[in-house]
Amino acid sequence: MRLPLSCGDPCPACGGVGSEPAGTDRDPDEGGIPGSRALARVNRSSLCRARARLGEDVLETEFRQVAGPLATRDTPGAWWRGLRLLALDGTQFDLPDSTSNGDTFDGPSTTGGVPFGFPQVRAVVLAEIGTHGVLDARLGGYRDGERSLAYPLASSTGLGDLVIADRGFWPVEFAHVFTTAGADLLVRLQSNHLGTTQEELPDGSYLSMARPGKDVRLRAAREGRTLPKHVIYRVITFAKSDKVAYLGTTLLDPEQYPAAELVALYRERGRGLRPCLLPEVHPYRPPQHPFPAWSDDQAYPLLYRGRT
């Protein structure tokens, strides 16, 4: 996903079009890269335009080469009962309000199709909970769904990983993609994803079964993919804000993986991923300008969170 920049477009790094030449005499705190004597006097807009000339492929390649697991066996909060804890989540960010951004990413609109607000980019990120290290990420426009962006992230998981996610990430197809990669899931369930009860378990949880819907099966067949006839998973009931909520997990053994501990893991998951998505992690951008896409600074806040 590319962020086109042209003459007159607002610079996402500084919020203006930027006309000062490189080397302008200015306070190092007002521009450049902090900690770099050579680049401290370079105008921010010049850096932004230089990144635009590189194109999105270079920055995404850099991200793919650097992103990966950081936790060791001694890292606090990174493991639970031998499983590496990963968080999966998505979010949206406002982009500078330019015609090129609107054409590329789209944004909110009225029922008549009249745009309002800012263009938006959608990001789905997979990160280690213990280190905040980002393993993988996918970007899309305003109309792209989080679930469709999340499917490719399964390739960055494997045996011994427990992926924790919020609602919206538990259809049969989604569970199948991640378990085929070897990972286990712990996901908040919507009420229409509780399936059919198969067996009550001693800890109050129960095993349930769900089948892929007709539309899901037909789409998979068109794309040459094979889905299971059904999936078996465990449903855990817990209280959230004085309401009944549900977790679904592929960890079926209640003795080896107690329900109370799984609920506690879910409640703590936000600390593992949301800090990786916040715009203020960028070391030299005002907080009112979140990072836009690979062709500008998308890789940087994802890469350097937990790596500095």
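Use the structure listed above.
Residues numbered from 1 in each chain as written. Predicted model: local features only at pLDDT ≥ 70, side-chain atom pairs only at ≥ 80, totals over all residues. Heavy atoms only, no water.

**Quick notes on the side chain of Glu128**
This is how it is decided: The helix and strand labels rest on DSSP assignments: H or I over at least four residues marks a helix, E over at least two residues marks a strand, and numbering proceeds from the N terminus. The buried label goes to any residue with under 20% of its type's maximum accessible area, the exposed label to any with over 50%, and the partly exposed label to all in between, with areas taken from a 1.4 Å probe on protein chains only. N or O atoms within 3.5 Å of each other form a polar contact, as long as, within protein, one can give a hydrogen and the other can take it, and as long as residues adjacent in sequence are counted only when both atoms are side-chain atoms.
With respect to the element layout, Glu128 can be found in strand S3 (residues 120-128). Glu128 sits in the buried class, given a relative accessible area of 1%. Polar side-chain contacts of Glu128 include one of 3.1 Å to the backbone nitrogen of Ala71.

**A closer look at unusual backbone geometry**
Within the chain, Ser241 stands out as a residue other than glycine whose phi angle is a positive 55°. With respect to the helices, strands and loops of the structure, Ser241 is situated in the loop between strand S9 (231-240) and strand S10 (243-249). The exposure class of Ser241 is exposed, given its relative accessible area of 65%.

**With respect to the nonpolar core**
Quick reminder of the rule: Nine residue types can take part in a nonpolar core, namely buried Ala, Val, Leu, Ile, Met, Phe, Trp, Tyr and Cys, and a core is a set of them joined through side-chain atoms within 4.5 Å. Every residue pair with non-hydrogen atoms within 4.5 Å of one another is taken to be in contact.
With 27 residues, the main nonpolar core has Leu88, Val163 and Leu185 as its most contacted residues. Broken down by secondary-structure element, the contributors of at least two residues to this core are strand S2 (83-94), S3, helix H4 (146-150), strand S5 (161-165), helix H5 (172-180), strand S6 (184-189), strand S8 (206-210) and S9. Once residues within four sequence positions are removed from consideration, Val163 is found in contact with Leu86, Leu88, Leu126, Thr157, Phe178, Ala183, Asp184, Leu185 and Leu186.

**Structural notes on the pattern of salt bridges**
Heads up, the rule is: A pair is scored as a salt bridge if a Lys or Arg side-chain nitrogen falls within 4 Å of a carboxyl oxygen belonging to Asp or Glu.
Counted under the stated rule, the structure contains six salt bridges. Among the ionic pairs, Glu128 bridges to Arg84, the shortest N-O distance being 3.5 Å. Of this pair, Glu128 sits in strand S3 while Arg84 sits in strand S2, placing them 44 residues apart in sequence. Judged by its relative accessible area of 12%, Arg84 falls in the buried class. Arg84 is the partner of Asp161 in a salt bridge, and the nearest nitrogen-oxygen pair spans 2.8 Å. Linking Asp161 in strand S5 with Arg84 in strand S2, this pair joins segments that are 77 residues apart in sequence. As far as burial versus exposure is concerned, Asp161 and Arg84 are alike and both buried. Bridged by salt links that share partners, the residues Arg84, Glu128 and Asp161 form one connected network.

**A look at the packing of aromatic side chains**
Under the convention used in this document: The rule is short: rings of Phe, Tyr and Trp, with Trp giving its six-membered ring, pair when the centres are within 6.5 Å, and they are stacked under 30 degrees, edge-to-face over 60, tilted in between. Consider the ring centre and the ring normal. A charge sits over the ring if Lys NZ or Arg CZ is within 6 Å of that centre and within 35 degrees of that normal.
The tally for this structure, following the rule as stated, stands at five aromatic pairs. Taking 5.6 Å as the distance between ring centres and 45° as the angle between the ring planes, the aromatic pair formed by Phe169 and Phe174 counts as tilted. The pair formed by Phe169 and Phe174 is uniform in burial state, with each residue classed as buried. Each ring, one from Phe174 and one from Phe178, has its centre 4.7 Å from the other, and the planes form 35°; the classification is tilted. Note that Phe174 and Phe178 are positioned in helix H5 at a spacing of four residues, about one turn of the helix. For the pair Phe174 and Phe178, one class covers both residues: buried. An aromatic cluster of at least three residues, connected via ring pairs, comprises Tyr151, Phe169, Phe174 and Phe178. The lysine or arginine in question, Arg73, covers the ring of Trp79, its NZ or CZ lying 3.8 Å from the ring centre.

**Details of the side chain of Thr75**
In this structure, Thr75 sits in the loop between helix H2 (56-66) and strand S1 (79-80). Of the residues examined, Thr75 reaches a relative accessible area of 18% and is grouped as buried. A polar atom in the side chain of Thr75 sits 2.9 Å from the backbone nitrogen of Thr72. Residues contacting Thr75, with those up to four places away along its chain left out, are Gly130 and Thr131.

**Some details on the environment of Val124**
Along the chain, Val124 turns up in strand S3. Its relative accessible area of 0% is what places Val124 among the buried residues. Filtering out sequence-adjacent residues up to four positions away, Val124 remains in contact with Leu88, Asp89, Gly90, Asp136, Ala137, Arg138, Glu146, Leu149, Ala150 and Leu153.

**Quick look at helix H7 (residues 259-268)**
This is how it is decided: Arc definition: it is the arc formed by the directions from the helix axis to the C-beta atoms.
Listed in full, the buried residues belonging to H7 are Ala259, Leu262, Val263, Leu265 and Tyr266. Projected onto a plane normal to the axis of H7, the buried residues spread over an arc of 160° and lie on a single side. Those residues of H7 that are buried lie in contact with S1, S2, S5, S6, S9 and S10.

**Some details on a positive patch on the surface**
Worth spelling out the cut-off: Patch membership needs two things, relative accessible area over 30% and no salt bridge, and members are linked within 9 Å if like-charged or within 5 Å if nonpolar (Val, Leu, Ile, Met, Phe, Trp, Tyr). The method behind every accessible area is Shrake-Rupley, applied with a 1.4 Å probe, and residues are considered shielded solely by the protein chains displayed. Counting rule applied: Lys, Arg positive; Asp, Glu negative; His and chain ends not counted. To locate a charge, the coordinates of NZ of Lys, CZ of Arg, CG of Asp or CD of Glu are taken.
Together, Arg167, Lys240, Lys243 and Arg267 line one region of the surface with positive charge. When you line up the elements, Arg167 lands in the loop between S5 and H5. We classify Arg167 as partly exposed; its relative accessible area is 47%.

The values are spatial; any link to function lies outside them.
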